[in-house]
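If you want the building blocks of each chain, they are given just below.
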Amino acid sequence: MKKEKVLYVDTCHDVAGGQRSLIALLEKISSDIEFRIIIDQGNQKYKQELLKSGINEGKIEYINSKPFNSRFMGGLNLLLKTFSKSRDYSIVHCNTFYDGLFSMPSFRLRNKKTIFRARCGIELSNHGFVDNVIYKLSTVILANSEYVKSTFSRVSGSLSKINVIYNPLDLKFLDRIDVENRDKAKGYVIAVIGAITEVKNQMEVLKAFSLMNDPCVTLRFIGEPRSTEKDREYHRKILAFVENNHLQDRVEFTGFVSDVREKLIDVGLVCVPSDREPLGRVIFETQLYEIPVLASASGGNSELIKDNITGFLYQLGDVNQLSEKLKLVKNDNATVIRAGKEFIIQRFSPEKTYLAELNLYTDIQR
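What counts, and where the lines are drawn
- Residues numbered from 1 in each chain as written.
- Predicted model: local features only at pLDDT ≥ 70, side-chain atom pairs only at ≥ 80, totals over all residues.
- Heavy atoms only, no water.
- Pairing = 2+ DSSP bridges.
- Helix = DSSP H or I, 4+ residues; strand = E, 2+ residues; numbered from the N terminus.
- Axes fitted to C-alpha atoms, helices over the stretch in contact; angles between N-to-C directions.
- Contact = heavy atoms within 4.5 Å.
- Buried < 20%, exposed > 50% of the residue type's maximum accessible area, 1.4 Å probe, protein only.
- Salt bridge = Lys/Arg side-chain N within 4 Å of Asp/Glu carboxyl O.

So, the sheet that holds strand β5 (residues 113-118)
Step number 1: Reading across the sheet, the seven strands line up as β3-β2-β1-β4-β5-β6-β7 and stay open at both edges, with parallel pairing between neighbours. Single-partner strands in this sheet number two, and they are β3 (60-63) and β7 (162-164). Strand-to-strand twist in this sheet, taken as the mean axis angle between neighbours without regard to direction, amounts to 25 degrees.
Step number 2: The sheet contact formed by strand β1 (residues 5-9) and strand β2 (residues 34-40) spans five bridges and is parallel. Looking at β2, one finds that V6 is bridged to F35.
Step number 3: Packing of helix α1 (residues 17-29) onto the sheet brings it into contact with β1 and β2, and relative to β1 it is tilted by some 160 degrees.

Focus: the environment of V282
Step number 1: Structurally, V282 can be placed in helix α9 (residues 281-288).
Step number 2: Residue class for V282 comes out buried when judged on its relative accessible area of 19%.
Step number 3: As a C-alpha pair, V282 and V192 span 90 residues in sequence and 9.1 Å in three-dimensional space.
Step number 4: What V282 contacts, discounting residues up to four positions off in sequence, is I193, V270 and V272.

Notes on unusual backbone geometry
Step number 1: Not every positive phi belongs to a glycine, and F68 is a case in point at roughly 55 degrees.
Step number 2: With respect to the secondary-structure elements, F68 resides in the loop between β3 and α3 (71-85).
Step number 3: At N111, a residue that is not glycine, the phi angle is positive and equals roughly 60 degrees.

A closer look at the pattern of salt bridges
Step number 1: Evaluated as defined, the whole model comprises 20 salt bridges.
Step number 2: Note that E233 is salt-bridged to R236, the shortest N-O span being 2.9 Å. Separated by three residues within a single helix, E233 and R236 lie in helix α8 (residues 229-244), roughly one turn from each other.
Step number 3: Classification of R236 as partly exposed rests on a relative accessible area of 39%.
Step number 4: The closest approach of N and O atoms between D363 and R366, which form a salt bridge, is 3.2 Å.
Step number 5: A relative accessible area of 76% places R366 in the exposed class.
Step number 6: Members of the salt-bridge network, linked through shared partners, are R36, E61, K81 and K85.

In structure tokens:
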């Protein structure tokens, strides 16, 4: 059977949900396609995560996406590199707006197929005309939730070229790490997982935690700020809140963690307070790992959680309600845990994610 030739482009300078989703996809389909992935030469964390997942280093290519501190010059680099690659690959799969803007024209010039993976609702973007350009350049747009698909109504009255394929499920979360030796001596632990950035809304859960005023509960942030100054400033504000409210003994910051399971051994509840999260992989991986999730009823979260059945929801912005619901960490949530895990396995089975995307590569060539 002919293998499709796919060039993946992901020059993000960090390792966040979009990069982990692409890694999870490549882990499952890499033997079924001929591919290369282009990443930024300075993103050593991404390289290491790809290698850890089993991707051969020969499949990874590098580019300077910011020469002379200029993203535009980096874009021209990317345009030229992908134009050269478009002779040998039939499909380009772009993982960020930047990658799509500079890589998809190369493939369109050779009448090749273009895929843009939409991992955020564009109602939150400030890309302006870029949203429209991305839509027109794409053969297919892959939205990772119905919510993300709906936001493209801002640029087109027809959503026919948008397919919803959920993020790949990382099955390693079926494997427990040292589950029998959870240390309960410290009391209860609530975790917030993900890059520390304003859209992830960590400050809201921090304020709610402060209102709890319960010395038996610890709040753990698993992740680090992204490389932008805006995110670093948001991180500084969070640290200042912790200090000003004397929470240093009850709030932990792990920094970047390759395998978050290492930091979940003693966690009793994961909180996802994101503002219009497209489809939080943190939610379904945590549910798969048999930890209950409390999330904002915002964006794609409601597609993943049935309140009080497979998890818990709170109203975004309602700090008092969130504070009350954080106390769920002390409950026996066994029934919710079982229901959440069953729901995730059914909805994110490989044939609905990995195979759907693999089949798409063949379908768009017809």
